[in-house]
Structures are given as structure tokens and as C-alpha cells.
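# Notes for the structure review
If you want the building blocks of each chain, they are given just below.
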Amino acid sequence: MLRYLPFLLVLAVWIYAFIDVLNTPEKEIRHLPKVVWVIIVLLFGEVLLGPIAWFVTGKVRHAPAGGGPRGERGGQWVAPDDNPEFLKSLRDEDPGKDPDDKKRDRGTES
């Protein structure tokens, strides 16, 4: 079984690169048209030259989501304990009352 492993890994990378080329919008492809990249990946996939060329130079890569400085969130989801708006809303609540008391007060008013 181990003798088939390198072949299966090459096949998996080849298929992944081919599907990635097909699913990538035309505006995100660099250097060559999409059709040429498909041909390169298919023709040179057995020796991994086509897929490696695609992964290295063919597609515009975006920065990771959390890659910026700590203060810049850029619309990214923020955990409640790090979200200044959420923390402010907690401080704005009446500090003398327990949140459970508010529920009980609302229930008795009806």
C-alpha cells in the first residue's frame, strides 16, 4: 500500500490544482489566461510542475484574516470579551441590579 502513496499524493495535488483553476474568477488570475493555466496544470500535473506553478504564480493570494496589527479588525468577527461596543453596553446597564432581577421585574409587570 505504501508504494501507491506517492502516486496518490501527486494525483490529489493535481486534482486540487485543476479544480482551483476552474473555480478561480478570471480577474484573480495572474500572468496568463485561465484556459492556458488549465492546459498547464493538465499537461504538467504528473510531475507537479503545473500545479506548483499555479499555486506559486497563477492566483492572486489574499492576506490572512487575522494578519493585520492587533488594533485593526477590518470588519472581522470579534469575540464579545474583546468587542469594545459589547463591553460598553455591559457598563451602561444599571450596576446595582442583577440581570435576573430585570427578568423578574418584567414578568411581574404584565
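Let me begin by describing the structure that accompanies this report. (Residues numbered from 1 in each chain as written. Predicted model: local features only at pLDDT ≥ 70, side-chain atom pairs only at ≥ 80, totals over all residues. Heavy atoms only, no water.)

## A closer look at the overall build of the protein
A tally of regular secondary structure across the protein gives five helices and zero strands. Out of the 110 residues in the protein, the part that is buried amounts to 15%. Sequence-distant contacts, at least 24 apart, represent 50% of the contacts inside the protein between residues at least 6 apart. Summed over all atoms, the accessible surface of the protein reaches about 8900 Å², with 63% contributed by carbon and sulfur. (Helix = DSSP H or I, 4+ residues; strand = E, 2+ residues; numbered from the N terminus. Buried < 20%, exposed > 50% of the residue type's maximum accessible area, 1.4 Å probe, protein only. Contact = heavy atoms within 4.5 Å. Areas by Shrake-Rupley, 256 points an atom, 1.4 Å probe, with all protein chains shown as cover.)

## Some details on the nonpolar core
Of all hydrophobic cores here, the largest spans seven residues; its members are A17, V21, I29, W37, V38, V41 and W54. Those elements giving two or more residues to this core turn out to be α1 (5-23) and α2 (34-43). The leading source of residues in this core is α2, at three residues. Beyond its immediate chain neighbours, meaning those up to four positions away, V21 contacts K34, W37, V38, V41 and W54. (Core = buried A, V, L, I, M, F, W, Y, C linked by side-chain atoms within 4.5 Å.)

## Section: the side chain of K34
By secondary structure assignment, the location of K34 is in helix α2. Nearest to the buried, unbridged K34 among oppositely charged side chains is E26, at 5.2 Å. At 2.9 Å, the side chain of K34 and the backbone oxygen of L22 are in polar contact. Contacts of K34, omitting those with residues within four sequence positions, involve V21, L22, T24, E26 and I29. (Lys, Arg positive; Asp, Glu negative; His and termini not counted. Salt bridge = Lys/Arg side-chain N within 4 Å of Asp/Glu carboxyl O. Polar contact = N/O pair within 3.5 Å; in protein donor to acceptor, adjacent residues only side chain to side chain.)

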